[in-house]
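Below are the chains, spelled out letter by letter.
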Amino acid sequence: MADKRQDLKPATRMVHAGTTRSAFGETSEAMFLTQGFVYDSAEAAEARFKGDDPGFVYSRYANPTVEMFEQRMCALEGAEAARATASGMAAVAASILCQVSAGDHVIAARALFGSCRWIVEQLLPRYGVETTLVDGTDPKAWERAVKPNTKLFFFESPTNPTLEIVDIAHVVAVARACGAKTVIDNVFATPLLQNPMVLGVDIVVYSTTKHIDGQGRCLGGVVLGPQDWVDEHLHDFFRHTGPSMSPFNAWVMLKGLETLPLRVAQQTKSAGAVADFLADHSAISRVVYPGRPDHPQANIVPKQMSGGSTLVAFDVKGGKRSAFAFANALEIVGISNNLGDAKSLITHPATTTHKNLSDQDRAELSIGGGTMRLSVGLEDAQDLIADLDRALAAAG
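Below you will find a few notes about this structure. Just so you know, these numbers come straight off a predicted model, no measurement behind them. (Residues numbered from 1 in each chain as written. Predicted model: local features only at pLDDT ≥ 70, side-chain atom pairs only at ≥ 80, totals over all residues. Heavy atoms only, no water.)

So, a nonpolar patch on the surface
Condition: For patch detection, residues must exceed 30% relative accessible area and be free of salt bridges, and they are connected within 9 Å for like charges or within 5 Å for nonpolar side chains (Val, Leu, Ile, Met, Phe, Trp, Tyr). Note on areas: these come from Shrake-Rupley sampling with a 1.4 Å probe, and a residue is covered only by the protein chains present in the view. By convention in these notes, a salt bridge is any Lys or Arg side-chain nitrogen within 4 Å of a carboxyl oxygen on Asp or Glu. Secondary structure elements are defined from DSSP: runs of H or I of at least 4 residues count as helices, runs of E of at least 2 residues count as strands, and each element is numbered from the N terminus. The classification of residues rests on relative accessible area computed with a 1.4 Å probe and restricted to protein chains. Under 20% of the type maximum is buried, over 50% is exposed, and intermediate values are partly exposed.
On the surface, Met31, Leu33 and Phe248 cluster together to form a nonpolar patch covering roughly 280 Å² of accessible area. Inspection of the secondary structure puts Met31 in the loop between helix H1 (10-16) and helix H2 (42-50). By relative accessible area, which is 30% here, Met31 ends up partly exposed.

Let's talk about the packing of helix H10 (residues 247-279) against helix H14 (residues 381-395)
The criterion, for reference: Axes, fitted as lines to C-alpha atoms, cover a helix only where it is in contact. Angles between the N-to-C directions of the axes lie from 0 to 180 degrees. Put simply, angles under 35 degrees are roughly parallel, angles over 145 are roughly antiparallel, angles from 65 to 115 are roughly perpendicular, and the rest are oblique. Put simply, a crossing is left-handed when the front helix is turned counterclockwise from the back one by less than a right angle, and right-handed when it is turned clockwise. By the convention used here, residues are in contact when the closest approach between their heavy atoms is within 4.5 Å.
Put simply, H10 and H14 touch, their axes get as near as 9 Å, and they point 30° apart. When the interaxial angle is binned, H10 and H14 end up roughly parallel. Between H10 and H14 lies a crossing of right-handed hand. In this structure, H10 uses Ser270, Ala273, Val274, Phe277 and Leu278 to contact H14, whose residues at the interface are Ala381, Leu384, Ile385, Leu388, Asp389 and Leu392.

Points about the state of the cysteines
So the rule is basically this: Here, the term disulfide refers to a pair of cysteine sulfur atoms separated by no more than 2.5 Å.
The full count for this structure, using the stated rule, is 0 disulfides. Its sulfur unpaired, Cys178 is 17 Å from the next cysteine sulfur, which belongs to Cys98.

Remarks on the layout of surface pockets
Applied cut-off: Here the term cavity refers to a set of points on a 1 Å grid, laid over the protein atoms alone, in which a 1.4 Å probe fits but cannot get out; the term pocket refers to an open set having protein on both sides within 12 Å along at least five of seven lines, with lining residues being those that place an atom within 4 Å of a point. Grid points are joined across faces, edges and corners, and a volume is the space filled by probe spheres set on the points. Under the grouping applied here, Gly and all other residues not named as nonpolar or charged are polar, the nonpolar ones being Ala, Val, Leu, Ile, Met, Phe, Trp, Tyr, Cys and Pro and the charged ones Asp, Glu, Lys and Arg.
In this structure, the largest pocket encloses a volume near 620 Å³. Around the largest pocket, the lining comprises 30 residues; the ones closest to its centre are Tyr61, Ala62, Glu67, Arg83 and His235. For the lining of the largest pocket, the elements supplying multiple residues, two or more each, are H2, helix H3 (64-77), strand E1 (81-85) and helix H9 (227-241). At 5 residues, H3 tops the list of elements feeding residues into the lining of the largest pocket. Estimates place the volume of the second largest pocket at around 340 Å³. Residue lining of the second largest pocket: 21 residues in total, with Met89, Phe113, Asn160, Ser207 and Lys210 positioned closest to the centre. For the lining of the second largest pocket, the residue count by class is 9 nonpolar, 8 polar and 4 charged.

Encoded structure:
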């Protein structure tokens with residue numbers, strides 16, 4: 001059966017992998033909207049709870065629809081095991097909290113989504129976990145930050161919102177040398193443009209809210225890693241803290257995966273065209289796109305990414321006033337802090353996703369008053385360029 005074969009290309013796996021059909025033989029994956037499951041006898045319930053009888057117990061633990069999504073993500077990522085979560089931040093939190101204890105040390109890149117930085121800077125220290133933020137683009141910074149109690153390395157690549165590229169293989173090497181695990185948030189690259197596990201990363205997390213759903217409908221996340229790590233660290237944490245994905249959302253994510261290759265390919269192509277247009281525009285002072293030769297880490301990009309991603313970061317001359325005027329003049333591109341959607345979306349990080357950072361922290365990340373993050377959708381690239389051009393003229 002196609003859902004079991006290992007030799008299939010990603011696009012085929014995203015349509016068929018993990019499919020489990022009920023006795024009715026449905027074509028589309030079934031949506032099991034149930035909280036619990038009924039047993040034939042009290043003895044059967046006992047056996048199920050003891051683990052002697054395979055099967056489902058409670059949808060907070062596992063659910064047939066959610067399991068199909070987890071298996072499909074494993075087939076796409078090349079992971080042994082996965083747990084789907086209620087949101088991307090639930091995935092990030094679970095992947096970190098399940099494996100650290102008081103007295104441990106976590107090293108993280110400073111360029112992170114605002115909520116991710118909150119976990120590293122605010123939440124972990126409350127429970128006695130020491131943390132260090134480093135410039136993720138500086139290989140030596142990772143090495144200098146290592147301590148005898150270092151347990152975990154956490155980073156994004158490309159980063160939110162300015163699309164810095166972290167040398168994944170180097171971070172993995174540093175972590176392995178000190179016996180630490182690596183966790184990467186791979187959401188900006190998607191599983192199609194970057195495979196961190198091939199580069200040696202231990203655990204990969206996604207906000208499936210973004211490209212995997214891809215149409216602005218449902219929240220979700222997923223944690224992927226080795227089976228033994230999931231069994232030892234994530235399994236009990238997941239069961240008892242309850243960050244599980246709903247069966248309905250899992251079904252939506254399954255449908256999203258079927259079209260993910262088509263969407264990401266088109267969005268990446270359009271993002272490249274938009275980045276080139278912006279780079280030549282007199283109202284723009286800086287463009288950051290991993291697919292361009294002028295990207296600050298252009299030498300690393302081809303080592304770990306097969307495309308430039310669907311996002312473009314740029315600075316509008318004139319700071320916040322001009323950036324707001326530009327955003328307000330857009331007609332096709334919507335103002336929203338989401339990304340990876342079929343609709344093009346733009347946000348002003350300094351006042352939205354990264355508003356809680358200090359001025360100094362934002363300056364270190366090159367997030368200025370004129371910085372914008374554009375998520376390129378499925379609209380025609382020429383229509384998007386015309387919309388951007390007209391809005392930039394209006395803002396001038």
